Amino acid sequence: MLVNATRMLKKAHEGHYAVGQFNINNLEWTKAILLTAEELKSPVILGVSEGAAKYMGGFEVVAAMVKALDHSLGITVPVALHLDHGTYEGAKKCIEAGFTSIMFDGSHFPFEENLAKTTELVNLAHDKGLSIEAEVGAIGGTEDGVTADGEVADPAECKTIASLGVDFLAAGIGNIHGIYPTDWKGLHFDALEAISKATGGIPLVLHGGTGIPDDQIRHAIKDGMSKINVNTDCQLVFAQATIDYCAAGKANPTADNESKGYDPRKLLKPGFLAIQAKVKEKMELFGSVGKAE
Ligand code: 13P
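Basis of the calculations
- Residues numbered from 1 in each chain as written.
- Predicted model: local features only at pLDDT ≥ 70, side-chain atom pairs only at ≥ 80, totals over all residues.
- Heavy atoms only, no water.
- Helix = DSSP H or I, 4+ residues; strand = E, 2+ residues; numbered from the N terminus.
- Polar contact = N/O pair within 3.5 Å; in protein donor to acceptor, adjacent residues only side chain to side chain.
- Near = heavy atom within 4 Å.
- Areas by Shrake-Rupley, 256 points an atom, 1.4 Å probe, with all protein chains shown as cover.
- Nonpolar A, V, L, I, M, F, W, Y, C, P; charged D, E, K, R; others polar.
- Buried < 20%, exposed > 50% of the residue type's maximum accessible area, 1.4 Å probe, protein only.
- Pairing = 2+ DSSP bridges.
- Right-handed = clockwise from strand over helix to strand, strands pointing away.
- Disulfide = S-S within 2.5 Å.
- Salt bridge = Lys/Arg side-chain N within 4 Å of Asp/Glu carboxyl O.
- Contact = heavy atoms within 4.5 Å.

1. Quick notes on the side chain of Glu133
Logical step 1: Structurally, the position occupied by Glu133 is in strand β5 (residues 131-136).
Logical step 2: Within the local environment of Glu133, its side chain forms a polar contact with the side chain of His207, the two groups lying 2.9 Å apart.
Logical step 3: Among the polar contacts made by the side chain of Glu133, one reaches the side chain of Lys227 at a distance of 2.8 Å.

Following this line, the structure appears as structure tokens:
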């Protein structure tokens, strides 16, 4: 069932667990994540970056695919289709295209501009029943080989943006996208505590979920992180499983390859299974198993 993410994250916040946002890139990823959520009776958020949406053919294609898969696979757990790090224009398009949730990432704008644009999008999203995530304190990451440390959000700015009626808030606490550098200092729990206190119970979002040690994930959930985003982890296991399959010669187009291992349905199967295993591992860690009512 496609729903917005407000209720599932409120419940997660109250119940001291987190709902995973797993990013999708194609049909196989979507199917793998939906089936795992159903098997584990876990709510789930499907994250779609603007780049991934473009790759899949556009926001409307993504919305139609996710709705149809959700229906045809008989998924009964709550599923939110969420724009990840949306631009102002992209967020508006997703509201029209049939997404059930959006993130507006205005963290790179001057704060006043972030506030103005977020306010407008909160109204547009809520008018149509969508949930909305805002961001304060840019999430770092590796771009063109340069790794930036994650910014730590200012609690006062978090409080101001939370008061606009956003449903959940991405607040940087030293987390970054992609693979963490070996000298990464870890999450800033003192900052998380201050942000949680300042924002008064709004579910918080931890981006860059790949590579954060399990004990830090548990600590972050305990202190108010109710949504955890994972993308790179699924990319890594999908790539490795596909590499292993090919390295074993299973995709070779020889005349005696009776099993026709180059058929995409076979070629992509190990990656599909690897994503299912990774999503299961994360849902168990986040505590969302059995939390779909
Ligand atoms: P990772 O790619 O580091 O898992 O981060 C995903 C994310 O935060 C998407 O918004």
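2. Things to note about the site of the ligand
Logical step 1: Around the ligand lies a shell of 13 residues, among which Asp84, Gly208, Thr210, Asn231 and Thr232 are the nearest.
Logical step 2: Between the ligand and Asp84, the relevant distance is 2.8 Å, taken from an oxygen atom to a side-chain nitrogen or oxygen of the residue.
Logical step 3: Taking Gly178, its main chain carries an N or O atom lying 2.9 Å from an oxygen atom of the ligand.
Logical step 4: Its free accessible area being 310 Å², the ligand has 96% of it covered by the protein chains.
Logical step 5: Its residues placed into classes, the shell around the ligand shows 1 nonpolar, 11 polar and 1 charged.

3. Details of the pairing of β5
Logical step 1: Extensive coverage of β5 is indicated by the burial of 6 of its 6 residues.
Logical step 2: Burial along β5 is two-sided: the residues Ser131, Glu133 and Glu135 and Ile132, Ala134 and Val136 are all buried.
Logical step 3: Strand direction decides the pairing type here: strand β4 (residues 101-104) and β5, joined by 4 bridges, are parallel. From the neighbouring strand, Ile102 faces β5, where its bridge partner is Ile132.
Logical step 4: After leaving β4, the chain enters helix α6 (residues 111-127) and then returns to the sheet as β5, a path that is right-handed.
Logical step 5: Bridge count for β5 against strand β8 (residues 168-171) is 4 bridges, and the pairing is parallel. Counterpart to Ala134 in the pairing with β8 is Leu169.

4. As for the state of the cysteines
Logical step 1: Tallied over the full model, the rule gives 0 disulfides.
Logical step 2: There is no disulfide at Cys234, and the cysteine sulfur nearest it, in Cys246, is 19 Å away.
Logical step 3: Cys234 sits in the buried class, given a relative accessible area of 1%.

5. Comments concerning the pattern of salt bridges
Logical step 1: On inspection of all chains with the given rule, the structure shows 10 salt bridges.
Logical step 2: Across the pair Lys92 and Glu120 runs a salt bridge, and its minimum N-O distance is 3.4 Å. Of the two residues, Lys92 sits in helix α5 (residues 88-97) while Glu120 sits in helix α6, which places them 28 residues apart along the sequence.
Logical step 3: Looking at Lys92, the relative accessible area reads 31%, which means it is partly exposed.

6. As for the side chain of Thr100
Logical step 1: One can find Thr100 in the loop between α5 and β4.
Logical step 2: In this structure the side chain of Thr100 is engaged in a polar contact, spanning 2.9 Å, whose partner is the backbone nitrogen of Leu81.
Logical step 3: Those residues in contact with Thr100, other than ones at most four positions away along the chain, are Leu2, Val3, Asn4, Val79, Ala80, Leu81, Gly129, Leu130 and Ser131.

7. Examining the pairing of strand β2 (residues 44-49)
Logical step 1: Counted residue by residue, β2 has 5 buried out of 6 residues, so it is predominantly covered.
Logical step 2: In terms of strand pairing, strand β1 (residues 19-23) meets β2 through 3 bridges, oriented parallel. For Gln21, the partnering residue across the bridge sits in β2 and is Ile45.
Logical step 3: Once the chain exits β1 it traverses helix α2 (residues 27-40) before rejoining the sheet at β2, and the crossover so formed is right-handed.
Logical step 4: As paired elements, β2 and strand β3 (residues 79-86) share 6 bridges and run parallel to each other. Among the inter-strand pairings, Val48 is bridged to a residue of β3, identified as Leu83.

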